[in-house]
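Fold and geometry: a report
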Amino acid sequence: MTEPLVLGVESSCDETGVAFVRGNTLLGDVVASSVEQHARFGGVVPEVASRAHLEELVPTIRGACREAGHELADIDAVAVTSGPGLAGALMVGVASAKALAWALDKPLYGVNHLAAHVCADVLDHGPLPEPTVALLVSGGHTNLLLVRDIASDVVELGSTIDDAAGEAFDKVARVLGLPYPGGPHIERAAADGDPSAIRFPRGLTSRKDLKRHRFDYSFSGLKTAVVRWVQEREFAGEPVPVADVAASFNEAVADVLTRKAIDACHEYGVHDLQIGGGVTANSRLRAMAQERCDAAGISLRVPRVRLCTDNGAMVAALGSQMVQRGLRPSSLDLPADSSMPVSQVKAD
Ligand code: KG4
Ligand code: ZN
């Protein structure tokens, strides 16, 4: 029997994504991003994102059908991000997915966006070893997860207590006069800098902090330290060594992200680490994660960059896992849940 064909719809932030997945195989994947419309505001504007989803959803569905060589009538199930995310943005995807499921008379799976990020990896590397520790780093999230079953059993070990890692990149970029989104620009600037030029703080790593926040992250102290360091130079009329600041900042983020992820693997006796989210595009983060995993005997899985950022493929991939495991579909009146907890992988 052929594996079921699942349509995935993502609209939790600024990317409208639609994709077809059969089993663990990606057949078509189209993403429309409204990132340029947010650039002049230096961050995602929820109302602008919702409007863009409304405009982009139907063309994105059509594009995914074309790319996959399938019609909507071919699908066996619809999966949609039902949370967490921006309420208005989520509503567009959820309402569309409900309409499709109802009109096609197919089961609907409301899935958790964070678990879907982790699940993207099965499209590149096959079934996820379980348990896996997953580190999710993007503009909206910084979470350390223990994944015992990707379709039903995900535990949050820690998360950021203030800014997300990507947000810190975006804010520091602004201070350095670099455009939004800041991550790629910081990375480019850092290439010519010395990562050990300035010793920026590593948040929540002191012995006292580790007692309460062993696997949590904090980036606002780091951001403030960078701002203060740059301002002191400016007040003194000295040039700001942008490359060194960028490299030292990038190093501090990569250091604390990977250090806690490896510690979590040790703590839970897990031999597999998976990393996802837009910040995973960062080459220093990837390299440091690889070095530290090699040293610790942990195997590292990182999907290709396109699957690290928000897309419909990861949603379809997680829906497909649920269908394959025979899980009960969500109800057709499932809500868009902007604060859906990580532990809830599937909406009821
Ligand atoms: O996953 P994503 O595309 O969107 C969500 O936030 O969900 O992540 C976007 C974030 C932005 O904050 C951006 O600055 C950051 O990922 N980013 C990077 C890099 N590329 C994107 N951060 C560091 N280095 C990069 N190369
Ligand atoms: Zn995301």
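Remember, predicted model here, so these are calculated numbers, not experimental data. (Residues numbered from 1 in each chain as written. Chains lettered and ligands numbered in written order. Predicted model: local features only at pLDDT ≥ 70, side-chain atom pairs only at ≥ 80, totals over all residues. Heavy atoms only, no water.)

**Quick notes on the coordination of the zinc ion (ligand 2)**
Those donors, H113 (NE2), H117 (NE2), H141 (NE2) and D310 (OD), are the protein atoms that reach the zinc ion (ligand 2), and they lie 2.1 to 2.6 Å from it. Coordination at the zinc ion (ligand 2) comes from 4 donor atoms whose angles at the metal span 84 to 167 degrees, giving a geometry best classed as irregular. All donor residues of the zinc ion (ligand 2) come from one chain, and their arrangement in sequence is H-x3-H-x23-H-x168-D. Residue H141 is found in the loop between strand 6 (132–137) and strand 7 (142–149), and its partner D310 is found in the loop between helix 12 (305–308) and helix 13 (312–324); the two are separated by 169 residues along the sequence. By the burial criterion, H141 is buried, and D310 matches it. (Donors = N, O, S within 2.8 Å, 3.2 Å for Na, K, Ca; no water. Tetrahedral: all angles 85-135°; square planar, octahedral: opposite > 155°, others 65-115°. Helix = DSSP H or I, 4+ residues; strand = E, 2+ residues; numbered from the N terminus. Buried < 20%, exposed > 50% of the residue type's maximum accessible area, 1.4 Å probe, protein only.)

**Side note on helix 11 (residues 283–296)**
If you check helix 11, its first and last C-alpha atoms are 20 Å apart, about what 14 residues at 1.5 Å a residue would give, namely 20 Å. For helix 11, the secondary structure elements touched by its buried residues are strand 6, helix 10 (242–268), strand 9 (272–276) and strand 10 (299–301). Its side-chain oxygen at 3.2 Å from the backbone nitrogen of R284, N282 defines the N-terminal cap of helix 11. (Expected span 1.5 Å × (residues − 1). Contact = heavy atoms within 4.5 Å. Polar contact = N/O pair within 3.5 Å; in protein donor to acceptor, adjacent residues only side chain to side chain.)

**Some words on the domain arrangement of the chain**
Parsing the chain into structural domains produces domain 1 (5–120 + 311–347) and domain 2 (129–304). Using only C-alpha atoms to locate each centre, domain 1 and domain 2 end up separated by 27 Å. At the interface, 21 residues of domain 1 touch 20 residues of domain 2. Of the roughly 1,600 Å² buried at the junction of domain 1 and domain 2 (both faces included), carbon and sulfur atoms supply 69%. Counting across the domain 1 and domain 2 interface gives 2 salt bridges. Of the charged contacts, one joins D149 and R325 as a salt bridge, the two residues approaching to 3.0 Å between their closest N and O atoms. (Domains from an automatic or database assignment. Buried area = accessible area lost by both parts, 1.4 Å probe. Salt bridge = Lys/Arg side-chain N within 4 Å of Asp/Glu carboxyl O.)

**Details of the sheet that holds strand 3 (residues 25–33)**
Strand order across the open sheet formed by 5 strands is 3-2-1-4-5, with mixed pairing between neighbours. The open sheet terminates on both sides in strands that have one partner only, identified here as strand 3 and strand 5 (108–112). Averaged over all pairs of adjacent strands, the angle between strand axes in this sheet comes to 20 degrees, irrespective of strand direction. Along the sheet, helix 3 (residues 87–104) makes contact with strand 1 (5–10), strand 4 (77–83) and strand 5, crossing strand 4 at roughly 160 degrees. Contacting strand 1, strand 2 (15–22), strand 3, strand 4 and strand 5, helix 13 runs over the sheet at an angle of about 135 degrees to strand 1. (Pairing = 2+ DSSP bridges. Axes fitted to C-alpha atoms, helices over the stretch in contact; angles between N-to-C directions.)

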